[in-house]
Every structure is written in C-alpha cells, then in structure tokens.
Amino acid sequence: MYYHSTQDKSKTVLSAQAIAQGISQDGGLFVPESFPQLTADELKAMLSMSYRDRAKLVIAKYLTDFTEEEIADCVDSAYTVEKFGSANPDPITSVDYNGAQQNLLELWHGPTCAFKDMALQILPHFLTKSLKKVGGGKDAVILVATSGDTGKAALEGFKDVEHTKIIVFYPVDGVSAMQKHQMNTQQGDNVYVCAIRGNFDDAQTAVKRIFTDPETQAILADHNMMFSSANSINWGRLLPQIVYYISAYCDMVNLGKVKLGDKINITVPTGNFGNILAGYYAYEMGLPVNRFICASNSNNVLTDFIRTGVYDKNRDFYTTVSPSMDILVSSNLERLLYTMSGDNDVETKGYMDALKSCGRYEVSDSIKEKIGAMFWGGYADEDATKKTIHDLFDQQGYLCDTHTAVAVSVCDAYIKETGDNTPVVIASTASPYKFSKAVLGALDKGDSPESEFDMVEQLHEITGAEVPEPLANLRGKTARFSDVTDKDKMQSVVLSALGIAE
Ligand SMILES: *Cc1c(COP(=O)(O)O)cnc(C)c1O
C-alpha cells in the first residue's frame with residue numbers, strides 16, 4: 001500500500017514515511033492510494049473478535065510495510081485494560097432521546113477522557129516503529145496545535161517515549177479549565193506546553209508553517225531531529241479511528257440493533273473533520289453506512305459547506321461550550337475533496353490555494369452532489385447544546401458532554417427533518433467532567449461553586465455519574481507550565497524548547 005499527497009499525486013511513500021513525516025513536503029496530506037476492501041466474510045468473522053483483533057485486521061490492510069508482529073505489538077500496548085478500564089475500549093450505550101433511539105459510542109474511556117486517546121495511545125507506537133524504518137536515527141519532534149483534547153491526549157501518549165519530544169500550543173482563552181489544568185500539569189521529561197494569544201486556527205496555521213519551513217527543518221536536521229505531527233493530519237491518527245467505526249458496527253450487530261449487512265447512520269460532532277472522515281473511510285472499505293451526519297456548533301462552516309458546496313471561513317469565530325469544535329479551517333476536509341474529485345490532486349490543490357489566498361472556495365457540481373448523497377450537515381447553537389444536555393439527563397438519566405450534546409441535538413433534528421429511521425451510532429467524544437462548568441450550567445440545578453473540582457463534585461452529587469479517575473487525580477496537582485506567547489513567536493519558542501539557540 002502506497003500513500004499519495006493530496007496536492008501532488010506523483011509523490012508516493014510507504015506508511016512508515018507518511019507517519020514519520022506527518023504532512024507531505026508540498027503541504028498536502030497523505031492518503032492511501034486506494035481503499036482496501038473489507039469482505040462480507042471478514043466482517044462476519046470480526047463479530048466474534050475482541051477489539052484488539054479487529055484492530056489488527058484493519059490496520060494490517062493499511063500498514064503493509066509493518067510486520068504482523070509489529071502491528072500486534074502496537075495494538076496490544078495501546079488498548080490495555082489498564083488504560084481503557086476494560087477490554088472493550090469503546091462501549092455503546094443506547095438511549096431514547098425525544099422518542100428515537102440513539103446509540104452512543106463512548107470513545108472517552110481512555111487516560112485523558114476524550115476520544116483522541118483511541119488514536120493517540122497507539123500513534124507513538126506507530127511512530128517509533130516508523131522512525132526505526134525511515135528516520136535515519138533522528139529524534140522526532142512532535143508539534144501539536146490543540147483545541148484542548150488533542151494536546152493532552154498527545155502529551156499522555158508521548159510522555160517519556162524514547163527518541164521523541166513533544167511541544168503543544170493551545171489558544172489561551174479557547175480551552176476549558178479542566179483541559180488547561182490537564183495540560184499544564186503534564187509529567188514527563190520530553191514535554192513542553194505553551195499557550196498562544198490567538199484561536200485554534202491561528203495555532204494550527206502557525207504549526208503547519210513551522211513544520212514545512214525548509215530553514216527550520218534544516219536547523220533541526222543539524223541537531224539530528226525531524227518534525228512529526230500528532231494532529232489528525234497524520235495518517236497514524238486517522239487509521240485507528242477507522243477501526244472503531246467498524247468495531248461499533250460489529251457491536252451493533254451483536255447487540256441485535258441491526259442485521260449483518262444492513263446499513264447504519266453515523267453522527268459525529270465535528271471540528272477538524274478527522275473523526276467523521278475516518279468513518280467515511282470505513283464506508284469506502286465496505287462498511288454498510290447509509291448517511292453521515294456532520295454535527296457542528298455555532299462555528300458552522302461545515303453545515304454551510306455541505307448544504308451549498310461553498311466553503312467560506314470569512315465569518316465570525318465563536319468561543320463555545322464545545323471548544324474542541326471551535327474550528328473554521330477543517331484540515332481533513334482536504335482528504336474528502338481528494339477522494340470525491342476522483343483522486344484529482346490538481347483540483348484539490350486549487351481549492352486549498354483558494355482557501356489560503358481568499359479563505360473561500362466552491363467545489364465542482366460533481367463533488368457537491370457526491371457529498372450531498374452521503375453527508376447531511378447541521379449545527380446546534382449554545383442554547384440547543386445546553387438544552388440537549390438537560391433534556392437527555394431529564395429523560396434518560398444519562399449525562400453527556402457538550403460535544404456529544406451537539407451531535408445528539410443535530411441527530412435529533414436530522415431524524416425529525418428526514419424521517420430516516422436507520423439505526424444510528426453517535427460518536428460520544430468526551431467525558432462530561434472535562435466540561436463541568438457548562439454541563440452543570442445546562443442542568444440548571446442552582447448556583448455552581450467557583451473551583452473546577454468543586455464543580456466536578458457537585459456534578460457527581462447531582463447525577464451520580466462516575467468521575468473518571470484520571471480527572472479526579474488531578475485535584476491539587478500544581479502546574480508545571482504557564483508560558484503564553486504571540487502566534488508570530490511560536491517558531492522561536494519551538495527552538496528554545498528544543499534547547500537550540502537561534
Ligand atoms: C477533537 C474533538 C472533536 C472534533 O473532532 P474532529 O476529528 O476534529 O472533527 C469533537 N469532540 C471532542 C470532545 C474532541 O476532542
């Protein structure tokens with residue numbers, strides 16, 4: 001299996017190179033040259049497999065330059081009972097919301113309580129093995145721009161991993177108190193965390209620029225280092241996410257919610273378009289899916305895009321209660337455009353160039369039609385999000401986080417508008433305790449305490465929902481990091497964090 005750049009098809013690399021490098025030198029993203037197929041027999045056989053065995057089967061189809069032992073080692077080290085609390089890291093909880101059944105795929109039982117653990121617990125294993133194959137003895141410098149959850153999940157995944165260093169930038173006013181505390185208290189000798197004055201898009205743009213800057217790359221090479229990425233632009237991030245959609249389908253069959261071969265709908269609370277794209281890739285492999293419902297918050301650039309074919313980031317940016325979706329430039333959409341254009345690198349590059357120069361592009365009628373056939377876009381504003389948390393708890397005694405609430409709300413709107421009663425899986429992306437303040441406010445049970453951990457306690461008293469241990473354990477930990485920088489100074493921050501004087 002070879003990988004191409006979305007912006008230059010003539011480039012072909014093996015998966016180890018794609019994972020080690022993170023992003024193609026031309027600025028494009030690595031995509032598989034074709035989608036390996038999942039046969040009906042394989043899907044049937046997967047029904048009785050453990051999560052780990054399902055993962056090994058799917059991953060082997062893509063990482064053809066890895067041995068079976070290497071893949072098994074990655075999977076077995078990542079999805080342990082110790083880290084995910086159970087041999088099944090992604091249980092499904094079914095609830096009835098406003099009279100329709102929704103099946104919540106809880107992807108947040110890992111060490112940092114967000115779905116990003118599903119990928120970031122395995123990525124370091126993929127990466128260290130990739131570096132052995134193609135790294136030329138260099139250390140990897142992982143640069144991360146985060147809207148909150150990726151940062152912590154990447155820090156936890158990479159802490160003290162040999163031959164890696166990790167540097168995380170987050171928007172100073174764009175993450176929850178718990179997210180900030182999680183990152184600033186991070187342990188490990190190879191980690192550095194810094195806030196930036198700006199939003200997530202500013203952080204992501206700057207990271208991408210530093211990453212592909214030949215001068216900075218040369219400085220790193222002189223010090224026997226190379227950049228890599230833990231953002232969802234890295235193929236090693238997307239691949240593990242494909243696995244859980246396939247696994248969820250198997251679980252839906254095993255739970256008697258669908259018959260093998262019947263289609264499901266998949267709803268995903270979306271920001272950078274990585275999670276939903278992984279679901280779409282599973283569909284391209286043959287997973288029976290009817291529709292993808294793309295749920296946005298007030299930053300609804302994707303809702304408009306799916307409905308009109310026009311992507312326009314020139315709009316107000318909102319800081320919402322679902323900060324991990326406060327994004328106006330959804331990087332992974334580039335990969336969808338590449339597939340939907342029939343693997344047309346020139347066309348894809350044209351859209352991305354337009355996005356860079358004017359912040360806007362309009363896709364061809366053909367792409368618009370294909371996207372409209374498989375995707376439905378909707379959004380939930382702040383009031384709708386809070387009402388959903390409140391009503392779902394009221395109706396079912398189930399507590400969901402602010403991001404999952406966006407998905408539940410949009411899924412509810414989709415069912416009402418279309419009457420489509422295909423069984424639906426909703427990606428539940430974070431523990432409600434990462435966003436205690438907003439969740440407590442939504443429940444509307446009187447005054448909230450001031451401190452984050454008192455809020456956690458109050459939320460627990462009201463709902464009885466279990467507080468995840470990794471969050472409870474943070475109480476009383478002192479911060480190691482408190483730096484804040486301007487977005488145009490990030491490059492020198494990176495070099496000094498690496499101990500390289502300019
Ligand atoms: C990252 C994140 C999202 C958005 O996922 P994308 O892959 O960026 O679309 C949604 N919810 C939570 C809790 C997240 O951390």
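Scroll up to find the structure this text is about.
Fair warning: this is a prediction, and the values are worked out from it, not measured in the lab.

Procedures and definitions
- Residues numbered from 1 in each chain as written.
- Predicted model: local features only at pLDDT ≥ 70, side-chain atom pairs only at ≥ 80, totals over all residues.
- Heavy atoms only, no water.
- Helix = DSSP H or I, 4+ residues; strand = E, 2+ residues; numbered from the N terminus.
- Buried < 20%, exposed > 50% of the residue type's maximum accessible area, 1.4 Å probe, protein only.
- Contact = heavy atoms within 4.5 Å.
- Pairing = 2+ DSSP bridges.
- Axes fitted to C-alpha atoms, helices over the stretch in contact; angles between N-to-C directions.
- Phe/Tyr/Trp six-rings, centres within 6.5 Å; stacked < 30°, edge-to-face > 60°.
- Lys NZ or Arg CZ within 6 Å of the ring centre and 35° of its normal.
- Right-handed = clockwise from strand over helix to strand, strands pointing away.
- Near = heavy atom within 4 Å.
- Polar contact = N/O pair within 3.5 Å; in protein donor to acceptor, adjacent residues only side chain to side chain.
- Nonpolar A, V, L, I, M, F, W, Y, C, P; charged D, E, K, R; others polar.
- Expected span 1.5 Å × (residues − 1).
- Salt bridge = Lys/Arg side-chain N within 4 Å of Asp/Glu carboxyl O.

1. A short note on the side chain of Ser232
Piece 1. Counting through the fold element by element, Ser232 comes out in the loop between strand 9 (225–229) and helix 12 (235–254).
Piece 2. With relative accessibility at 7%, the residue Ser232 sits in the buried group.
Piece 3. With residues up to four places along the chain from it excluded, the contact list for Ser232 reads Arg237, Leu238, Asn272, Gly274, Asn332 and Arg335.

2. Side note on the sheet that holds strand 3 (residues 30–32)
Piece 1. Taken together, the three strands give an open sheet; going across it, the order is 2-1-3, and neighbouring strands pair in antiparallel fashion. The open sheet has two edge strands with one neighbour each: strand 2 (8–13) and strand 3. Going from strand to strand, the sheet's axes swing by 40° on average, the running direction of each strand aside.
Piece 2. The pairing of strand 1 (residues 3–5) with strand 2 spans three bridges and is antiparallel. The residue of strand 2 that forms the bridge with His4 is Thr12.

3. Here we look at the packing of aromatic side chains
Piece 1. Counted according to the given criterion, the structure contains 21 aromatic pairs.
Piece 2. With a centroid separation of 6.3 Å and 80° between ring planes, the pair formed by Tyr283 and Phe292 is classed as edge-to-face.
Piece 3. Looking at Tyr283, the relative accessible area reads 28%, which means it is partly exposed.
Piece 4. Among the aromatic residues, those joined into a ring-pair cluster are Tyr3, Phe35, Tyr62, Trp235 and Tyr281.
Piece 5. Here Lys133 stacks its cationic end above the ring of Phe66, 4.9 Å away from the centre of that ring.
Piece 6. The ring of Trp376 has Arg307 lying over it, and the distance from NZ or CZ to the ring centre is 5.2 Å.

4. Regarding the pairing of strand 6 (residues 139–145)
Piece 1. Most of strand 6 sits out of view: six of its seven residues are buried.
Piece 2. The pairing of strand 6 with strand 9 spans five bridges and is parallel. Residue pairing across strands places Ala140 opposite Met226, the latter belonging to strand 9.
Piece 3. The pairing of strand 6 with strand 7 (residues 164–171) spans six bridges and is classified as parallel. Each residue of the ladder has a partner; that of Ile142, found in strand 7, is Ile166.
Piece 4. Crossover strand 6 to strand 7 through helix 8 (residues 149–158) is right-handed.

5. Regarding the sheet that holds strand 7
Piece 1. The strand order across the open sheet built from five strands is 9-6-7-8-16, with neighbouring strands paired in parallel fashion. In this open sheet, the two strands that pair with only one neighbour each are strand 9 and strand 16 (484–486). Between one strand and the next, the sheet's axes are offset by a mean angle of 30°, whatever the strand orientation.
Piece 2. Of the strands in this sheet, strand 6 and strand 9 touch helix 11 (residues 214–222), which is tilted by about 125° from strand 9.

6. A word on the site of the ligand
Piece 1. Lys116, Asp149, Gly271, Asn272 and Asn275 are the nearest of the 15 residues found near the ligand.
Piece 2. Contact distances for the ligand include 2.5 Å between an oxygen atom and a side-chain N or O atom of Asp149.
Piece 3. Measuring from an oxygen atom of the ligand, one finds a side-chain N or O atom of Ser324 at 3.5 Å.
Piece 4. A breakdown of the residues in the shell around the ligand according to their chemical character gives five nonpolar, eight polar and two charged.

7. Quick look at helix 7 (residues 123–134)
Piece 1. With 12 residues, helix 7 should cover 16 Å at 1.5 Å per step; its first-to-last C-alpha distance of 16 Å lies within 8% of that length.
Piece 2. Backbone geometry just downstream of helix 7 places Gly136 in the positive-phi region, at approximately 60°.

8. A look at the side chain of Thr112
Piece 1. Relative to the assigned elements, Thr112 resides in the loop between strand 5 (100–106) and helix 6 (117–120).
Piece 2. Look at Thr112 and you get buried, because its relative accessible area is 0%.
Piece 3. Dropping the residues within four chain positions of it, Thr112 is found in contact with Asp117, Lys152, Ala153, Glu156, Gln182 and Lys434.

9. Quick look at the pattern of salt bridges
Piece 1. Per the stated rule, a full pass over the model turns up 22 salt bridges.
Piece 2. Asp486 is paired through a salt bridge with Arg197; the nearest N and O atoms lie 2.8 Å apart. Separated by 289 residues along the polypeptide, Asp486 in strand 16 and Arg197 in strand 8 (residues 191–197) bring together distant segments of the chain.
Piece 3. Take Asp486: its relative accessible area is 27%, and that puts it in the partly exposed class.
Piece 4. Residue Asp412 is joined to Lys416 by a salt bridge in which the shortest nitrogen-to-oxygen separation is 2.8 Å. Of the two residues, Asp412 and Lys416 are both situated in helix 19 (residues 402–418); the distance of four residues between them amounts to about one turn of the helix.
Piece 5. On the basis of relative accessibility, which here comes to 59%, the residue Lys416 falls in the exposed class.
Piece 6. One network of salt bridges, in which partners are shared, links Arg52, Asp53, Lys56 and Asp76.

10. Structural notes on the environment of Thr216
Piece 1. Relative to the helices and strands, Thr216 is located in helix 11.
Piece 2. In the structure, Thr216 is positioned 189 residues away from Ala405 in sequence and 41 Å away in space, judged by C-alpha atoms.
Piece 3. Of the polar contacts made by the side chain of Thr216, one reaches the side chain of Gln491; its length is 2.6 Å.

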